[in-house]
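Chain residues, written in single-letter form:
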Amino acid sequence: MLTLDAKIPRVPIEDAWTTHKNELRLVGPNNRPKYKVIVVGSGLAGASAAASMGAMGYQVECFCFQDSPRRAHSIAAQGGINASKNYRNDGDSTWRLFYDTQKGGDYRAREKNVYRLAELSTAIIDQAVAQGVPFAREYGGKLANRSFGGVLVERTFYCRGETGQQLLLGAYSALEEQVAKKSVRMHVRSEMMDLVVVDGRARGIVVRNLETGEITSHAADAVVLATGGYGNVFYLSTNAKACNVTATMRAYRRGAGFANPCFIQIHPTSIPASGEYQSKLTLMSESLRNDGRIWVPRDPDEKRAPADIPEKERYYYLEERYPRFGNLVPRDVAARNAKDVCDKGLGVGPTGYGVYLDFGSAIKEKGSEEVISKYANLFEMYERITDDNPVETPMRIYPAVHYTMGGLWVDYNLMTSIPGLYAIGEANFADHGANRLGASSLMQCLADGYFVVPVTIGDYLSRHAAGEIGESHEHFKKVESEIESRLDSMLNIGGQRSVQSFHRELGKIMWEHCGISRSREKLEQGLEKIPALRDEFWSNLKLPGGRFEFNRSLEDAHRVADFLDFGELMCRDALMRDESCGCHLREEFQTPEGEAQRNDDDFAHVAVFEHKGDGVEPERHVESLSFDALPATTRNYKT
Amino acid sequence: MRMKLHIWRQSNRSDKGHMETYALDGVDPDMSFLEMLDHLNEQLTAEGNDPIAFDHDCREGVCGMCSMVINGEAHGPKPETTTCQLYMRHFKDGDEIYIEPWRAKAFPVIKDLVVDRSAFDRIIQAGGYISNHSGPKPEPNSIPIDPDVSETALDAATCIGCGACVAACPNSSAMLFTSAKVSHLGLLPQGQTERFERAQSMVKQMEEEGFGSCRNYAECEAQCPKGISINFIGRLNADFLKATLVQPVDRRGKMEAQ
């Protein structure tokens, strides 16, 4: 039975983190080397946590499936990182960053977690600068800022369009410093296959060496999952190809609660898929909407090139539907409307799933030079991928799955419902509610990794003796053999379909039934289609090669098997949340104007799912949310 | 489009390896190079053959995972482009393409086009960082940095660690990679304390890993997908030389913070 004690400090929000830290138990420096902590994942959250805990003196074992910790997908974040430094003197503060994040999340996050995130934001910038992260500077040598995503202050710090890369390389270098000092042992090309829980506490993990196929056990006093989000359940997303849900799904199957799995963020401006072979989607920065006008032809049978279509035959649907915000409506509104016009047959491009983002008017008004200079790198990137020059012909864009707000349920200490198991970064559900604010994902990963988990983990460790259970414990052997037989059974199916084809089909089901807008009818259909696909997977999968070799298809199959289970959980959550909030739009719950209709009376809570066994419906638990510091309000982008 | 592909096949580290030829039909000009290989792998899987192993992850040119020599050039013919950002429209129907792994003593082949680049991580471990603990740090604006200096540091820091510089170099030197990190940190005020020691220890590690020395071929710069300048190699050489002059005779031993 899941117990959801969020351990939220019962003091005013401004004092919560400080008070809580003061009350935590600590492990003394002489005792820290006795404790072993496993960190799974080496992105911003994982690398920063492993480096911080290594420097404190814990024995840290860090695992990643890539060939180096520097490859993690945090590296692809472009825009920037928020921090309430108030360098612009424009009224920014911890409170305002908290307010923006909580409002952006549509009041589906835990207030005190969000406040702590805002409070820690400034220390992240200090830490990164001390590591040598070359943030943009002004002429006087002070840090520069830009504005981002619908907030009223300039608080975003950036390194050109590669902020994620530079922050990750900062965390990576801190990690490698600890590797050199032997306080962290790094295991690359090593994938966590399962979690080992003994007597209700996390005791370690079972890992597959992706080069040799060898399965090994690793025992520890605590396990930290920093394994990212699950956007690839849609097959096509802006995530890296290997991003997966396996670690968190395994933890869920071992008893950790999974919170709000249906909360995903869809980014409105990605380059559309060009064909069936498409393997991933690439994001174009949202800033393009400042100068680009979005339209589709009014005639579904339109065959002319965009430039030949006269003005009055163009449907500027955002400008017509939302005269006040026009092309700058929030991400979810823009995404939903793009899908809507394409579903009505008005879409453009070879697949019919694309809309024009036209810089013609801006170029006419400001001259092509000014427009090009503003978006040079984005135009270049677009042309590289599509071979079209956005100055001559409108860009084509389409929404793409980008970020997942749901994740493992964690308490204020970032510990999951399994004692000794922590989840940080995108892998947990904690801070973004039903929608994440731009430039906040990097902030959350680093707050969790540098400043929260290294402190809170001591509270748990100090209550337990070090090294209670080792790899020789029978339970590790049991989990190892479960994994071995699972992989063997996949290899022995001997069917006809490749892993890719299953993953692609699952992605289509998810996009159609649990994508931008959801309805009871579509979700119920999805819940029938996914188990049918899973049955086919387990009876008709064709895998080349063997278990004791470098076998990418086998790696993928193990991940896709978990995605198939997870997709079902997502649909279930979406179906049970009878409201629209943030990025979750249920067609039945809209205002007469077609806006999301939140239901605070019945759904101002976190939905937490507990695994009850294969083929058994998971149990839905609820953690109520209270809005004491900041009363919930309704957003409105029409007027 | 139809392609004739010659691809390096090697089943594991100890296998000798060989080139194998594949005919591939149905290649769309809008496919990325890696999607073309996905397409081939689907075909190989359907035929019951072993698909080609290659490293890839973000597929947007920044993780540095993809690594193949295409027609003799690291990451293929398009300048400042990673393999994942190379599109088939840059090839013609009927083209023959030769695809090989990075070839360097310090990058042993694991399988087919996948190589072991852990030597790069060890070079970073030797000093590619500014020593730090996590915790309170000075207010960043108390140490102003000239934006030109900061941008130059970022030009160096933009290295994705893919290893194309090593693959491109006739001498398999890792000087561009090493110099990019030494320059990034050495340009910034925060990196001054360890600047000269860093240059020495990273170069020492680079040599121990079996990378060759730099002979100014400049192939690394020509084939670097991020356009990292060989000027940084000049900076590294200068710092390395200075290090031998400024380094005091070590009478005190080295102390680690307890």
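Residues numbered from 1 in each chain as written. Chains lettered and ligands numbered in written order. Predicted model: local features only at pLDDT ≥ 70, side-chain atom pairs only at ≥ 80, totals over all residues.

Some remarks on the overall build of chain A
The following threshold applies: Helical segments are the DSSP runs of H or I of at least four residues, strand segments are the runs of E of at least two, and each set is numbered from the N terminus. All radius of gyration figures rest on C-alpha atoms, and the globule criterion is 2.2 Å times the number of residues raised to 0.38. Labels follow a simple rule on C-beta atoms placed from the backbone: if 20 or more others lie within 10 Å of a residue's own, it is buried; if 12 or fewer, it is exposed; otherwise it is partly exposed. We call two residues in contact when their backbone-placed C-beta atoms lie within 7 Å.
On a plain count of helices and strands, chain A comes out with 16 helices and 21 strands. The C-alpha radius of gyration of chain A comes to 24 Å, within 12% of the 26 Å expected for a compact globule of 639 residues. Seen along its three principal axes, the alpha-carbon backbone of chain A occupies a region of about 75 × 65 × 50 Å. Here chain A holds 639 residues, and the buried ones make up 59% of them. Across chain A, every contact between residues at least 6 apart in sequence was considered, and the portion connecting residues at least 24 apart equals 73%.

Regarding the interface of chain A and chain B
Definition in use: The nonpolar class holds Ala, Val, Leu, Ile, Met, Phe, Trp, Tyr, Cys and Pro. Asp, Glu, Lys and Arg form the charged class, and all remaining residues, Gly among them, are polar.
Contact with chain A, which involves 62 residues of that partner, is made by 62 residues of chain B. Broken down by secondary-structure element, the contributors of at least two residues to the side of chain A that touches chain B are helix 2 (44-56), helix 4 (111-131), helix 5 (163-180), helix 11 (441-461) and helix 15 (552-576) of chain A. The biggest single contributor to the side of chain A that touches chain B is helix 5 of chain A, with nine residues. For the side of chain A that touches chain B, the residue count by class is 24 nonpolar, 20 polar and 18 charged.

What to know about the pairing of strand 1 (residues 36-40) of chain A
Residues and elements named next belong to chain A. Applied cut-off: A right-handed crossover is one whose linking path, passing over the helix from the first strand to the second, runs clockwise when the strands point away from the viewer. Here a strand pair is declared whenever DSSP counts at least two bridges between the two strands.
Burial within strand 1 is extensive, with five of its five residues counted as buried. Neither face of strand 1 is open: one carries K36, I38 and V40, the other V37 and V39, and all of them are buried. Chirality of the crossover, the property in question, places the unit of strand 1, helix 2 and strand 2 (residues 59-63) among those that are right-handed. Bridge count for strand 1 against strand 9 (residues 222-225) is four bridges, and the pairing is parallel. Bridge pairing in strand 9 links V40 to L225.

Looking at the sheet that holds strand 8 (residues 215-219) of chain A
All names here are of chain A. Rules: Helix axes use the C-alpha atoms of the stretch in contact, all axes being lines fitted to C-alpha atoms, and the angles between their N-to-C directions lie in the range 0 to 180 degrees.
With antiparallel pairing, three strands are arranged side by side in an open sheet as 6-7-8. Where the open sheet ends on each side, the last strands, each with one partner, are strand 6 (190-198) and strand 8. Averaged over all neighbouring strand pairs, the angle between strand axes comes to 25°, with direction disregarded. In the packing of helix 12 (residues 474-491) onto the sheet, contacts are made with strand 6, strand 7 (201-209) and strand 8, and the angle to strand 6 comes to roughly 135°.

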